[in-house]
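Analysis of the macromolecular model
The primary structure of each chain is shown beneath.
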Amino acid sequence: MATISLCMIVKNEEKILGRCLDSLSRLMDEIIIVDTGSTDATKEVAKRYTDLVYDFKWQDDFAAARNFSFSKATMEYIYAPDADEVLDEENREAFARLKEALLPEIDIVQMKYETVTEYNTVLNAATEYRPKLFKRLRTFRWEDPIHETIRLQPVVFDSDIVIRHMPQNLHSKRDFSVFEKWIQKQEILSDKLVKMYAMELMKTGDGEDLKNARSYFFNLYENSDNQEHREYGACVLAKDYRLSGQDYEFMKLALKDVAVEPVAEICYQLGQYYLDKGDAKEASLWFTNAVYETEPILDIHQGGDLALQGLVDCYEQLLQGKCSSVEEDYYGDCLQQAKVALSRWKLPEE
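Here goes a summary of the coordinates provided. (Residues numbered from 1 in each chain as written. Predicted model: local features only at pLDDT ≥ 70, side-chain atom pairs only at ≥ 80, totals over all residues. Heavy atoms only, no water.)

**Considering the nonpolar core**
Counting residues in each nonpolar core, the largest one holds 53 residues, and the members touching the most others are Tyr197, Phe217, Ile266 and Leu270. With sequence-adjacent residues up to four places away left out, Tyr197 is seen in contact with Phe176, Phe179, Glu180, Ile183, Leu189, Ala213, Tyr216 and Phe217. Grouped together as the second largest cluster of nonpolar side chains are 33 residues, Cys20, Ile31, Ile33 and Tyr113 included. (Core = buried A, V, L, I, M, F, W, Y, C linked by side-chain atoms within 4.5 Å. Buried < 20%, exposed > 50% of the residue type's maximum accessible area, 1.4 Å probe, protein only. Contact = heavy atoms within 4.5 Å.)

**Things to note about the sheet that holds strand E3 (residues 52–55)**
What the eight strands build is an open sheet, ordered E3-E2-E1-E4-E7-E6-E10-E5; its pairing is mixed. What marks the edges here is a single partner per strand, and that holds for E3 and strand E5 (85–86). Sheet topology note: the E5/strand E10 (residues 156–165) ladder contains two bridges and is antiparallel. Residue Glu85 lies in a different strand from E10, and its bridge partner there is His165. (Pairing = 2+ DSSP bridges. Helix = DSSP H or I, 4+ residues; strand = E, 2+ residues; numbered from the N terminus.)

**A few points about the pairing of strand E7 (residues 128–135)**
Where strand E4 (residues 77–79) and E7 come together, three bridges link them in antiparallel fashion. Bridged to Tyr77 within E7 is Lys135. Strand direction decides the pairing type here: strand E6 (residues 108–115) and E7, joined by six bridges, are antiparallel. Counted as the bridge partner of Gln110 is Pro131 from E7.

**Some points on the packing of helix H8 (residues 227–243) against helix H9 (residues 247–260)**
Working note: a packed helix pair is described by the angle between its axes plus the distance between those axes. Between H8 and H9, whose axes approach to 9 Å, the crossing angle comes to 150 degrees. Remark: the crossing between H8 and H9 carries left-handed chirality. The residues of H9 that touch H8, namely those facing Ala234, Leu237, Ala238, Tyr241 and Arg242, are Glu249, Phe250, Leu253 and Asp257. Classifying every residue of the contact of H8 with H9 gives six nonpolar, no polar and three charged. (Axes fitted to C-alpha atoms, helices over the stretch in contact; angles between N-to-C directions. Left-handed = near helix turned anticlockwise from the far one by under 90°. Nonpolar A, V, L, I, M, F, W, Y, C, P; charged D, E, K, R; others polar.)

**Details of the state of the cysteines**
Enumeration over the complete set of coordinates arrives at zero disulfides. Cysteine Cys20 remains unbridged, with the sulfur of Cys7 as its closest cysteine sulfur at 13 Å. (Disulfide = S-S within 2.5 Å.)

**Topic: the packing of aromatic side chains**
All told, the structure shown has 15 aromatic pairs when counted by the stated rule. Ring centres 5.7 Å apart and planes at 50 degrees place the aromatic pair Tyr268 and Phe287 in the tilted group. Here Phe287 lies in helix H11 (residues 280–293) and Tyr268 lies in helix H10 (residues 264–276), a separation of 19 residues in the sequence. The burial state of Tyr268 is the same as that of Phe287; both residues are buried. An aromatic cluster is defined as three or more aromatic residues linked by ring pairs; in this entry it consists of Phe176, Phe179, Tyr197, Tyr216 and Phe217. Of note, Lys185 hangs over the ring of Trp182, and the distance from its end group to the ring centre comes to 5.0 Å. (Phe/Tyr/Trp six-rings, centres within 6.5 Å; stacked < 30°, edge-to-face > 60°. Lys NZ or Arg CZ within 6 Å of the ring centre and 35° of its normal.)

The quantities given are spatial measurements derived from coordinates; they are silent on function.
Next up, the structure:
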């Protein structure tokens, strides 16, 4: 049977830490909690489960804190949950079976991540695989009978274990603060982090968040050699310009985008722009494009349920205004179709 160290970083998680550890403690051979500056009773809760509670000075760097937590582990594998995660009984049993049967050549086990509250900042699917269980000390092996070489790629196993992500609020403000500080220090964000920053801004960013990010994404949009980064910049700037009332800059950017290779997020922003201006007929055109003619690159909702709700709002407004009997029948049919589509819409499974 494999032995497992639980390594967790926490800050002000007194309300949910016990829930997480109750669901995991019987599966773990060692529990390590690293506190990054709690001002509540988080450490007291942690000490009910383990004596291995450490302080780590926060450095605006989650990786540094996690590396410190991993350095304290002594078991064969390391499990790295967040405090807002829970394993239900069915998945605890699956985890126990995995622990019994885990082959020593497996370096990483991925588990399905499922956000079950409305506080989702990054997922564009009902579940997605994430690496959660890691071999602490990796063994290198030679392979191939001739021209032999060392296997460098880790052996990854995709399990059926589902982790329920149950945050009680959004973490966006915390994340935005870290992004902003790293950019101010002129640290280069990886491709993954550029996308994550843009995705969180599109999903949950408010006017102040977008204003703080404006110069960074403007530079990406104007100067990056990476086409994807330019597209992320266009989406973030479109939302920023619309919310801040910069109509000329918004239309210049949005129309340039849809003339080349439109994405759902820009079409959605155009729909919202016209709806805010009271032009429901024009707005309906762009919401339709967001749903049926384009694909999202950052926020699936802007090409799905949000755009469909926009269509419902448009047709309800149009029916409340002056319209002919032909228009009334047409808008009525469109409204019914939009409502049906909205009721049937759901996140893809993976």
